[in-house]
Structures are given as C-alpha cells and as structure tokens.
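# A structural walkthrough
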Amino acid sequence: MSFVTFDLERWQSTWENRVRFNLSESGVHPLSVRELLDLAGSTADPLLDVRLGYSQSNGTDVLRERIAALYPGAAPDQVLVTTGSAEANYLAALRLIEPGDTVAMLLPNYLQLWGHAQNLGAVVRGFRLHEDRRWAADPAEVRAAIAPGTKLVVVTNPHNPTGHILSDAARRTIVERAAEVGAWLLADEVYIGAEREAPITTTFWGSYDRLVCVAGLSKAYGLPGLRIGWLVAPTDLVADIWARHDYTTIGPSGASDRLAAIALDPAVRPRLLARTRGILGLNYPVLDAWLRSFGDTFAWVPPQAGAICFARYRPDVSGLDLVERVRAGESVLLVPGEHFGMPGYLRFGFGNEAAELRDALAATATGLRRAFGD
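Report on the accompanying structure. The structure displayed is predicted, hence computed values, not measured ones.

Rules of the game
- Residues numbered from 1 in each chain as written.
- Predicted model: local features only at pLDDT ≥ 70, side-chain atom pairs only at ≥ 80, totals over all residues.
- Heavy atoms only, no water.
- Pairing = 2+ DSSP bridges.
- Helix = DSSP H or I, 4+ residues; strand = E, 2+ residues; numbered from the N terminus.
- Contact = heavy atoms within 4.5 Å.
- Axes fitted to C-alpha atoms, helices over the stretch in contact; angles between N-to-C directions.
- Salt bridge = Lys/Arg side-chain N within 4 Å of Asp/Glu carboxyl O.
- Buried < 20%, exposed > 50% of the residue type's maximum accessible area, 1.4 Å probe, protein only.
- 1 Å grid on protein atoms, 1.4 Å probe; cavity = no way out; pocket = protein on both sides within 12 Å on 5 of 7 lines; lining within 4 Å.
- Points joined across faces, edges and corners; volume = space filled by probe spheres on them.
- Nonpolar A, V, L, I, M, F, W, Y, C, P; charged D, E, K, R; others polar.
- Parallel < 35°, antiparallel > 145°, perpendicular 65-115°, else oblique.
- Left-handed = near helix turned anticlockwise from the far one by under 90°.

Attention now goes to the sheet that holds strand 4 (residues 123-130). Strand order in this open sheet of eight strands is 2-9-8-7-6-3-4-5, and the pairing throughout is mixed. This sheet does not close on itself; its edge strands, each paired only once, are strand 2 (79-83) and strand 5 (136-137). Two strands pair when backbone bridges link them, and strand 7 (residues 184-188) and strand 8 (residues 211-216) are joined in this way by four bridges, in the parallel orientation. Bridged to Leu-185 within strand 8 is Leu-211. Along the sheet, helix 4 (residues 61-68) makes contact with strand 2 and strand 9 (228-232), crossing strand 2 at roughly 110°. The strands touched by helix 9 (residues 235-245) are strand 2, strand 7, strand 8 and strand 9; relative to strand 2, the strand with the most contacts, the crossing angle is about 25°.

This part takes up the pattern of salt bridges. Applying the stated criterion to the full structure yields 13 salt bridges. Glu-131 is paired through a salt bridge with Arg-312; the nearest N and O atoms lie 2.9 Å apart. On the criterion of sequence distance, the pair formed by Glu-131 in the loop between strand 4 and strand 5 and Arg-312 in strand 11 (residues 308-313) is long-range, its members being 181 residues apart. Classification of Arg-312 as partly exposed rests on a relative accessible area of 35%. We note a salt bridge from Arg-327 to Glu-324, for which the minimum N-O separation is 2.7 Å. Highlighted residues: Arg-327 and Glu-324, both in helix 12 (residues 319-330), separated by three residues, approximately one helical turn. We classify Arg-327 as buried; its relative accessible area is 14%. Three or more residues are tied together by salt bridges with common partners; here these are Arg-143, Arg-177 and Glu-180.

Before going further, it helps to examine the layout of surface pockets. Taken as a whole, the largest pocket spans an internal volume of roughly 880 Å³. Every residue lining the largest pocket is counted, 42 residues in all, and those nearest its centre are Gln-12, Glu-25, Ser-26, Lys-219 and Pro-224. Elements with a minimum of two residues in the lining of the largest pocket: helix 1 (7-15), strand 1 (21-22), helix 5 (84-96), helix 6 (112-119), strand 6 (150-156), strand 7 and strand 14 (345-349). With four residues, helix 5 is the single largest residue contributor to the lining of the largest pocket. Residue classes in the lining of the largest pocket are distributed as 15 nonpolar, 18 polar and nine charged. Lining of the second largest pocket is provided by 19 residues; of these, Phe-6, Glu-9, Ala-86, Tyr-90 and Gln-112 occupy positions nearest its centre. Contributions of two or more residues to the lining of the second largest pocket are made by helix 1, helix 5 and helix 6. Here the lining of the second largest pocket takes four residues from helix 6, the largest share from any one element. Of the residues in the lining of the second largest pocket, the class split is six nonpolar, nine polar and four charged.

The next subject is the sheet that holds strand 10 (residues 298-300). On the basis of which strands lie adjacent, the open sheet formed by four strands has the order 10-11-14-13 and antiparallel pairing. Bordering the open sheet on either side are strand 10 and strand 13 (335-336), each of which pairs with just one other strand. Two strands pair when backbone bridges link them, and strand 13 and strand 14 are joined in this way by two bridges, in the antiparallel orientation. The residue of strand 14 that forms the bridge with Pro-336 is Leu-346.

Right, let's get into the packing of helix 12 against helix 13 (residues 354-373). Remark: helix 12 packs on helix 13, axes separated minimally by 9 Å, with the N-to-C direction vectors making an angle of 125°. Looking at the two axes, helix 12 sits oblique to helix 13. Of the two elements, helix 12 crosses helix 13, and the hand of that crossing is right-handed. In this structure, helix 12 contributes Leu-322, Arg-325, Val-326 and Glu-330 to the contact, and helix 13 contributes Ala-363, Thr-366, Gly-367, Leu-368, Arg-370, Ala-371 and Phe-372. Of the residues that constitute the contact of helix 12 with helix 13, the class distribution is six nonpolar, two polar and three charged.

Next up, the structure:
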C-alpha cells in the first residue's frame, strides 16, 4: 500500500528553525517558562523539584481534572493526555478506523487525518467550506459527504487554515447527520480560545454520544513546546485509546504535565487567553494593511480565530514554487495552499512579536513582488 506523506509538517519541520522569519505557524509567539510562571504568580521552585522520572502516562490527576472542567459534564476518566493534539488525533483514528472504512472530512484542512486515515486503509470524502460563502459549508454537501456507512466524521472548529468558526446551524447539521448514519465525530478544537473578536467558541462536547474532542496548549495558549494535548471521549473509548498510547509515546514528561496544570489553573487560563487575544488584535490590522498594499493581488476573508489568514492570489504561479523562492531568497517561511489541497492560496501566520511581524512582512513583500513580477 502506498504511503500518504504529510507534506505540510515536513515542510515546516525542515525549515521553521532555519529561517530568519517564520510566518508558517498558526499560533501566537510562545511564552518562556519564566513568562508563564510570572503570569501565574508562581516561583520556579516547585518545577525545579519535579523528579525526572516517568509521569502518570494518561496525565496526572490534577491535569486531567483541569481539562475535564473545560467540558461540561466530563469526568477525568474521560480525558487522555497526549504528546500534543497531533498524537490525540493519531491515536483516535488508530482506534476508530479499519481498512475499508469511509471517513468524511471538512476541507480545506490541516491534512494530518486526511493522510493518516488513508494510510490506515480508509476512503476519505471531503465536504468543503466555500470562500464565496465567507468559508461557510453547504448543508446539502455536508449531508451528501456523510453518507450511510460513514465510520468517522472529522471537523476542525475554529478552522485551520481559514480561521472560520462554524455557525450553530452548521454544527447541528454535522451532528444530526453523523447521528443519522451512526458515525463517530472527531472535533479538533485546538483553536478554541484563539478567537480574534468573537466569544470563545462552544465545544462540540455534550452534543452527541459518539464524539471525540481534541485540543491542546499549542495554538490558543502559546505553549507549543510543552507538547501537551488531550482528547475527551466516552470512558470506554478513552480506555481503548490509552491502550494504543502505550505503543506510542507512553506518556507526557513530568515537567510538561506540571507546567500544563499551571496553565490550566482557573486563575491563570484567562490571562493566557487574554494575551493571545491581545496579540491577534494588535497584529491582524498590520497583516490586513500589508495585504491591501498589493492592490488586487490578494483576496481574503478576515479570519475569526487563529493567528492565520488564508489568502487567494491572482498571479498564475505554483504555490509550492512561490514559497520556496521566498524561503530561498528572503529566508521567510510561508505555507502554500497546496498543503491544504487548495492551490492558488497562501496561509500567512501573524502571531509573531509585533516588530518581528513587520520585518517579516517587509522581507516577504520583497520576495513576492520579485516572484510575481518574473
């Protein structure tokens, strides 16, 4: 069986730490350990006393209690802590998908599960968000894609790469159709808390019984280096997924678990999310003005969430070639639409520190104008 590679992740992992400016990220610039502890009003002493042994493999009780509190009615034994939300997605699919299954997935998307499902032997159908609807879905297309016999439905809300937040009506359509055909629903909610202006997005949790909710500390919290993610699901399913977790990373590091529990302290979490909203509010107008400076070259729908803007460009240039030319010429990393199954688009991250963002955009403009002009 041929192997579907994860092109976006390989592009980022190859270059993100080797360029001057990284505009490929979808989260806000990360905190240091010192900044997190200062924000929490904590000293480093408790962290320095953490033993460098194996931590509780499904997450410590304190961490799982704080995660469960984010999901109305959830209990700690319905939570599995993973090495980032990517592992949560991976393990959930590993448990739910068998060769020959059908998966319906919201597109465009971060294509981890698109490729992973095919590598597990599934057939994957897409249902699209439409730019001319301000990235809303067509209910008829949703129902057609989630056909009888569908095993798993995958959605991301808030959405990557568009920054769209599903309407209540769209959420109901997805849940009702999944229930009609008896499919499991996996809701990747890692961008909850990274809303630019809207209230915090409501989780899918509690809307359906065959549901897995995935999230983590990378995007909304500015803590990607902790590599802490989680999934919340029915207790028996969590037990099955934990058994598969024993074959992958076994468990989180003790230091990351301790820092994650600090981040999700009810007194600290709002401060982290306020920091994120502040960065988005400060930086998006800078990106918006920069895109407008190109005249009619770009068209975009302002993102509702995430430090990402998915912009369509007019010149007939391969996105793969375009981002490589900007990387090689200006040492700026961008993401081409091809990595989301959407040629003719670029995803711009704008979660950098403000001064760095301005410098990065100036360098990007030089590279793009040269590429578009050739």
